[in-house]
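Architecture at a glance
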Amino acid sequence: MNKISHGQQLFLNRLRRHRAIVRTARIFILILFLVLWEVCARTGVIDSFIFSSPLQIAGCFWEMMEDRSIFLHIGITLYETIVSFLLVTLFSILAAVLLWCSRKLSEILEPYLVVLNSLPKSALAPLLIVWLGATPTTIIVAGMSVAVFGSIMNLYTSFSTVDQEKIKLIYTLHGTRRHALFKVVLPASVPAVISNMKVNIGLCLVGVVIGEFLAARNGLGYLIIYSSQVFKMNWLLMSIVLLCIMAMALYAVIGVMEKIYEKRF
């Protein structure tokens, strides 16, 4: 077993201290923000009816936990986000593979993908409601629409920039395009796929919330719209906090998957 040198040990110690300082600073900033928010609300610096306060939000969350209504909203938003994310991942990989296999098709479709990716997705939501109705399917499609076109373009770019020498080697050994795809392109693009997934999970959540704004009777997006209409600011801010926590949790899950892949390969 190799021994760690004194210099390496010093470097590792500095790295641990740096990480500890970063974590402590993050926690301190969050606690300071919450304390200042609560103090300002209690002393009248800010209007607690409009801006609420951390304790009021926590109390609202506890009340909704007791009647279990909050679990319904969280569960629906989480389900719609995960389904749209999985469909985006599958569809974008298949579409990128198809574009990589046919250069002519990629040249034909590229301007359309650019336009669709640049289109504000909130403009599509009312149209989706007219086409599909106010159903969970509409919300899932709205979540997909935010991420899918950019995902296809990013994955196709990753496929196209794979080491061409390795692909030439496959052809030299009498391999086919299918061999090049499964032996070189897809394995080399796994990091790009995972990186794309980390972006898409947040985009799908945004799309789902946009869909819930317009076509839902449950979910955190619906709760935000409803609470803003009846001026229940505790519900509104609680929903936003829950969306932040959900986004961080989903991103962390993708990060764990990335670390597992890096350790194995």
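Cut-offs applied
Residues numbered from 1 in each chain as written. Predicted model: local features only at pLDDT ≥ 70, side-chain atom pairs only at ≥ 80, totals over all residues. Heavy atoms only, no water. Helix = DSSP H or I, 4+ residues; strand = E, 2+ residues; numbered from the N terminus. Rg over C-alpha atoms; globule rule 2.2 N^0.38 Å. Buried < 20%, exposed > 50% of the residue type's maximum accessible area, 1.4 Å probe, protein only. Contact = heavy atoms within 4.5 Å. Areas by Shrake-Rupley, 256 points an atom, 1.4 Å probe, with all protein chains shown as cover. Lys, Arg positive; Asp, Glu negative; His and termini not counted. Charge placed at Lys NZ, Arg CZ, Asp CG, Glu CD. Axes fitted to C-alpha atoms, helices over the stretch in contact; angles between N-to-C directions. Parallel < 35°, antiparallel > 145°, perpendicular 65-115°, else oblique. Nonpolar A, V, L, I, M, F, W, Y, C, P; charged D, E, K, R; others polar. Phe/Tyr/Trp six-rings, centres within 6.5 Å; stacked < 30°, edge-to-face > 60°. Lys NZ or Arg CZ within 6 Å of the ring centre and 35° of its normal. Salt bridge = Lys/Arg side-chain N within 4 Å of Asp/Glu carboxyl O. Left-handed = near helix turned anticlockwise from the far one by under 90°.

Quick word on the overall build of the protein
Helices and strands together make up the secondary structure of the protein, namely 12 helices and 0 strands. Taken from the N to the C terminus, the helices and strands of the protein come in the order α-α-α-α-α-α-α-α-α-α-α-α. Taken over the C-alpha trace, the protein has a radius of gyration of 24 Å; the compact-globule value for 265 residues is 18 Å, which it surpasses by more than 25%. Structurally, the protein occupies a C-alpha span of about 75 × 65 × 30 Å along its principal axes. Each of the 265 residues in the protein was classed as buried or not, and the buried ones make up 34%. Residue pairs at least 24 apart in sequence account for 70% of intrachain contacts in the protein once pairs closer than 6 positions are excluded. Summed over all atoms, the accessible surface of the protein reaches about 16800 Å², with 70% contributed by carbon and sulfur. Counting 23 positive and 13 negative side-chain charges, the protein places the centres of these two groups 13 Å from one another.

Considerations on the packing of helix α3 (residues 54–66) against helix α12 (residues 233–264)
The geometry of α3 relative to α12 is characterised by a closest axis approach of 9 Å and an angle of 85° between their N-to-C directions. Between α3 and α12, the angle falls in the class roughly perpendicular. For the pair α3 and α12, the contacting residues are Q56, I57, C60, F61 and M64 in the first and N234, W235, L237, M238 and L242 in the second. Looking at the contact of α3 with α12, its residues break down into 8 nonpolar, 2 polar and no charged.

Looking at the packing of aromatic side chains
The full count for this structure, using the stated rule, is 3 aromatic pairs. Judged by centre distance (6.0 Å) and plane angle (20°), the rings of Y222 and Y226 are stacked. Of this pair, Y222 and Y226 both sit in helix α11 (residues 220–229), 4 residues apart, which is roughly one turn of that helix. A relative accessible area of 30% places Y226 in the partly exposed class. For the pair Y226 and W235, a centre-to-centre distance of 6.0 Å together with 35° between the ring planes defines the contact as tilted. Feature note: the residues Y222, Y226 and W235 constitute an aromatic cluster, connected by ring pairs. We note R177 situated over the ring of W100; from NZ or CZ to the ring centre the distance is 4.2 Å. A cation over an aromatic ring shows up here: K232 above the ring of W235, its NZ or CZ 4.2 Å from the ring centre.

Focus on the pattern of salt bridges
On inspection of all chains with the given rule, the structure shows 4 salt bridges. The partner of K168 in a salt bridge is E165, with the nearest N and O atoms 4.0 Å apart. Of the two residues, K168 and E165 are both situated in helix α8 (residues 164–172); the distance of 3 residues between them amounts to about one turn of the helix. Summarising the burial analysis for this pair, K168 and E165 share the class exposed. Across the pair E258 and K198 runs a salt bridge whose closest N-O atoms are separated by 2.9 Å. A residue pair is termed long-range when its members are at least 10 positions apart, and E258 in helix α12 and K198 in helix α10 (residues 190–215) qualify at 60 residues. The pair formed by E258 and K198 is uniform in burial state, with each residue classed as buried.

Details of the packing of helix α4 (residues 69–101) against α12
Between α4 and α12, whose axes approach to 12 Å, the crossing angle comes to 40°. By the angle class used here, α4 and α12 are oblique. Like other packed secondary-structure pairs, α4 and α12 cross with a definite hand, here right-handed. Between α4 and α12, the contacting residues are I70, I74, T77, L78, T81 and F85 on the first element and M238, L242, L243, M246, L250 and I254 on the second.

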